[in-house]
Amino acid sequence: MLYASLFLSAFISATLLPASSELLLSGLVVQRQGDLWGLWLSATAGNVLGSVVNYYLGTAVSRFEGRRWFPVSRQAMDKAQRQFQKYGTLSLLFAWLPIVGDPLTLIAGVFRVRFGLFLLLVFLGKGLRYAVVIGLAAGLV
């Protein structure tokens, strides 16, 4: 139940819904509840899976482009694509950042970043972030 709760918290945190799994993870580490590797794996897997949901939402959103009710103009999409290309696919390493990270994973889907590369970069960035959170909470860093 402990790992499932952390997984769910991390999953929700990675979607466009506001949430913070770092507080729960830190609390569990400080209270010595659960194995550190298990906590890391649960948080990382949930957060990456949430980003995958964003990615697939992004791939679906382009079907509606050009419709009158679509909230983003072609010019805005072109500008977003130029910005994304300017900073490159490697910017997905920063998908863990607040405010910009979740939309970044959605945009990666819109612009059809290769899924394997998307998964690798998001996993590395988010996994490292959770490792640092655990290290700080456990007094290892």
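Residues numbered from 1 in each chain as written. Predicted model: local features only at pLDDT ≥ 70, side-chain atom pairs only at ≥ 80, totals over all residues. Heavy atoms only, no water.

Asks: A description of helix α5 (residues 101-110) should follow, citing residues and the corresponding values.
Replies: Counted residue by residue, α5 has seven buried out of 10 residues, so it is predominantly covered. Buried within α5 are the following residues: Gly101, Asp102, Leu104, Thr105, Ala108, Gly109 and Val110. On its buried face, α5 sits against α1 (2-14), α3 (36-61), α4 (74-87) and α6 (115-138). Remark: Arg112 follows α5 within two positions and exhibits a positive phi of approximately 55°. (Buried < 20%, exposed > 50% of the residue type's maximum accessible area, 1.4 Å probe, protein only. Helix = DSSP H or I, 4+ residues; strand = E, 2+ residues; numbered from the N terminus. Contact = heavy atoms within 4.5 Å.)

Asks: Residues and numbers for the nonpolar core, please.
Replies: Of all hydrophobic cores here, the largest spans 15 residues; its most connected members are Phe84, Leu92, Ala108, Val113, Phe118 and Val122. Broken down by secondary-structure element, the contributors of at least two residues to this core are α3, α4, α5 and α6. Among the nonpolar cores identified, the runner-up in size contains 11 residues, and Leu6, Ala43, Val133 and Ile134 belong to it. (Core = buried A, V, L, I, M, F, W, Y, C linked by side-chain atoms within 4.5 Å.)

Asks: A description of the side chain of Thr59 should follow, citing residues and the corresponding values.
Replies: For Thr59, the position within the fold is in helix α3. For Thr59, a relative accessible area of 17% corresponds to the buried category. Among the polar contacts listed, one links the side chain of Thr59 to the backbone oxygen of Tyr56, at a separation of 2.7 Å. Thr59 has contacts with Gly109, Val110 and Arg112, leaving out every residue within four places of it along the chain. (Polar contact = N/O pair within 3.5 Å; in protein donor to acceptor, adjacent residues only side chain to side chain.)

Asks: Can you tell me about unusual backbone geometry, naming the residues and giving the values?
Replies: A positive phi angle is found at Arg32, which is not glycine, with a value near 55°. Positionally, Arg32 belongs in the loop between α2 (21-30) and α3. The phi torsion at Arg112 lies on the positive side, around 55°, for a residue other than glycine. Assignment of secondary structure puts Arg112 in the loop between α5 and α6. On the accessibility criterion, Arg112 (48% relative accessible area) is partly exposed.

Asks: An account of the packing of aromatic side chains is requested, with residue identities and associated values reported.
Replies: Summed over the entire model, instances satisfying the criterion amount to seven aromatic pairs. Aromatic pair Tyr55 and Phe118: ring centres 4.6 Å apart, planes at 40°, arrangement tilted. With a gap of 63 residues between them, Tyr55 in helix α3 and Phe118 in helix α6 connect regions that are remote in the sequence. The class of Phe118 is buried, set by a relative accessible area of 0%. Ring geometry for Phe115 and Phe118: centres 6.0 Å apart, planes at 25°, overall stacked. Of this pair, Phe115 and Phe118 both sit in helix α6, three residues apart, roughly one helical turn. Taken together, the ring pairs in this structure connect Tyr55, Tyr56, Phe115 and Phe118 into an aromatic cluster. If you follow Arg129 out to its NZ or CZ, it ends over the ring of Tyr130, 4.0 Å from the centre. (Phe/Tyr/Trp six-rings, centres within 6.5 Å; stacked < 30°, edge-to-face > 60°. Lys NZ or Arg CZ within 6 Å of the ring centre and 35° of its normal.)

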